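Listed below, chain by chain, are the residues.
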Amino acid sequence: MATEVALGASLNGYLSTVFFKSVGLNVAADAFVQLSLLNLIGGMVVVLGDDPGANSSQNEQDNRHYAAMSYTPLLEPANPAEVYAYYKEAAALARSLCRPVILRLTTHVCHAKEKVAFAGWEPQTFENNPRFDAANGPYIPLTAAVFPKKRTALENLRKAERWVDERGLHTVTGHGSPRGVILSGMVALSVADALEGLPDRPDVLKLAMPYPMPSRVIADFLQSHAEVKVLEELDDTLEKDIKALAYDRGLAARVIGKADDEDWVGEYTADKVRDILHRTWPDMVPARKAAVEPLAPVPARPAQMCPGCGHRSAFHAIKKALPEGTITVADIGCHTLGFMEPYRMGEVLLCMGASTSMGAGLTLLNDTRKVVAFLGDSTFYHAGLPGIVNALFNRHNLTLVLMENGTTAMTGHQDHAGSGRNFNEPTDAIPVRQLLEGLGVRHIFETDTYKQAELPDLMRQALDVDAFSVVIARHPCMLLFTRNQRRKSGYVDRHVTIDQDLCTRAHVCVQDFACPSFTLAADGSVTVNPELCIGDGSCMQTCPSKAIIR
């Protein structure tokens, strides 16, 4: 939806910007791949966060392929200062071409900190003057219009290449070495760190715009170097284009690309870059020195749901109600962590909003095993409705657990359609239950997830229904709730503690409920970390000896 909204604004003559992470662009691809064929009179910048290393994504896909597939220019900054500078370049280029321009940010660029010198800014008053005119089109992709639009898109790529070249955004550093490195983005910083202090270094060509590939700049660099190493995270998109350019122009430089499967995997940190350059030029780049003392092993630190999280309480209770062999399907959100020990809820995960549809597929030719799908309320509004409609329309016999916490917790507590507020102002909430009833869901059960005695019974009732059923498991996000409470005057932190005289060391609180506030000592005793505990009390009902007290 964000893409279409940004498109509409641009068609009205306003510069628009739309933001995605890597896999988010997959959802928008149907619209995105058409944009470069349209005359966007306001221009559009697509800010794209790719995730080498899959730090918070289902994969580490290289979205530079989307740029090539859609004929969209792509700028790639290396640090926060360049993010600011390149965004302004992208906006100016988008306005000039009346087309979209991608600003690609990778993981470490997004996580970096740097002082940025901003130019002066004066608030502007925008006239309420929509400039949409069908004569700026055609905006209907009929067959007869496709080829002229594609020719214009290809012509715009050449214009973008010249634009960046003329503005001097590509840079070359070095002292005339016969060896060179071509790269873009964050890899430039890793190379600088990896080569620091070496007496002999390769020259470095840093590309501001890796797509379209700047042919003249790269050809000049190849002509002045005997060997050129292409360093790029993830796929070998630059490498292939540079090798093709060298072959077509009969250039003598040896172009060296990826040589090992690991070169396609993960982030290009300074250590990894140093190892790659050592394998390429061992006479120039020595191997990294081994640590004088081996580093102490770092204990595993699995991701955790927050103390007091309603999802933990829900999983703890629901697990008791599921018959043996139940198939559980996960979705994207904080509740994805339910697949981990000790809950083991959610055995398959694909993408945002897919749980209900996958669950529907798992019910086919299946009369022996129950199927339960999980879905967060934010995902429900964002991408979950089509799967629910399909399950109803085709009468799939599965149970959906809708985990309602009133916010988009996993990505920073953004509002959603059920929050009663959008980015700018209060708005009418669209209640989950009313929407389900409006779709025709007849079997709806709901309770607060902290009611751990009630939730298993509701789950059993839902599973007994020979039709599509929904259990709304509701509790506010306690991280957001506690933050809001702490802003109020008179707030006092609350905690629970363990009555050691009552504790029988059954360890249900640690092993089954698994709130991270509990600490298990070597002697088997359990204590509560007051820095983590929020005193919500959801754990108290889990203790068989009633040893958890306020």
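Described below are features of the structure shown in this document. All figures in this text were calculated on a predicted structure; none of them were measured in a lab.

1. Comments concerning the pattern of salt bridges
All chains considered together, the criterion is met by 25 salt bridges. Two residues, lysine 159 and glutamate 155, come together in a salt bridge whose shortest N-O distance is 3.6 Å. In this pair, lysine 159 and glutamate 155 both sit in helix 6 (residues 143–166), four residues apart, roughly one turn of the helix. Of the charged contacts, one joins arginine 474 and glutamate 446 as a salt bridge, the two residues approaching to 2.8 Å between their closest N and O atoms. One end of the pair, arginine 474, is in strand 14 (residues 469–474); the other, glutamate 446, is in strand 13 (residues 444–448), with 28 residues separating them in the sequence. Given a relative accessible area of 31%, arginine 474 falls into the partly exposed group. Look at the salt bridges and you will find they share partners, linking Asp50, Asp62, Arg64, Glu76, Arg104 and Glu232 into a network.

2. Things to note about the environment of aspartate 236
Here aspartate 236 is to be found in the loop between strand 8 (227–230) and helix 9 (237–248). For the pair aspartate 236 and tryptophan 264, spaced 28 residues apart in the sequence, the C-alpha separation amounts to 7.8 Å. Those residues within four positions of aspartate 236 in sequence are excluded, and the remaining contacts are Lys258 and Trp264.

3. Some points on the sheet that holds strand 8
One key point about sheets: their strands pair by backbone hydrogen bonds, in either a parallel or an antiparallel sense. Strand order in the open sheet made by the five strands is 5-7-6-8-9, with mixed pairing throughout. Two strands in the sheet have a free side with no partner beyond their single neighbour: strand 5 (171–173) and strand 9 (254–256). Ignoring strand direction, the axes of neighbouring strands in this sheet form an average angle of 20 degrees. Where strand 8 lies against strand 9, three bridges are found, and the strand directions are parallel. Within strand 9, the position partnered with glutamate 227 by the bridge is arginine 254. Contacts from helix 7 (residues 187–195) reach strand 6 (179–184) and strand 7 (203–207), with the element oriented near 140 degrees to strand 6.

4. Structural notes on the sheet that holds strand 3 (residues 74–75)
The four strands are arranged 1-2-4-3 in an open sheet whose pairing can be described as parallel. With one partner strand each, in any of the chains shown, strand 1 (16–21) and strand 3 form the two edges of the open sheet. Across six bridges, strand 2 (residues 44–49) lies against strand 4 (residues 100–105) in parallel orientation. Residue valine 46 lies in a different strand from strand 4, and its bridge partner there is isoleucine 102.

5. Brief notes about unusual backbone geometry
Of the consecutive residues glycine 137 and proline 138, the connecting peptide bond is found in the cis state with omega at 15 degrees. Secondary-structure assignment places proline 138 in the loop between helix 5 (107–111) and helix 6. Cis geometry marks the peptide bond from glutamate 341 to proline 342, where omega comes out at 5 degrees. Here proline 342 shows up in the loop between strand 10 (327–329) and helix 12 (355–363). In this structure, alanine 514 takes a positive phi of about 60 degrees despite not being glycine. Among the structural elements, alanine 514 can be located in the loop between helix 17 (508–513) and strand 16 (518–520). The class of alanine 514 is buried, set by a relative accessible area of 14%.

Procedures and definitions
- Residues numbered from 1 in each chain as written.
- Predicted model: local features only at pLDDT ≥ 70, side-chain atom pairs only at ≥ 80, totals over all residues.
- Heavy atoms only, no water.
- Salt bridge = Lys/Arg side-chain N within 4 Å of Asp/Glu carboxyl O.
- Helix = DSSP H or I, 4+ residues; strand = E, 2+ residues; numbered from the N terminus.
- Buried < 20%, exposed > 50% of the residue type's maximum accessible area, 1.4 Å probe, protein only.
- Contact = heavy atoms within 4.5 Å.
- Pairing = 2+ DSSP bridges.
- Axes fitted to C-alpha atoms, helices over the stretch in contact; angles between N-to-C directions.

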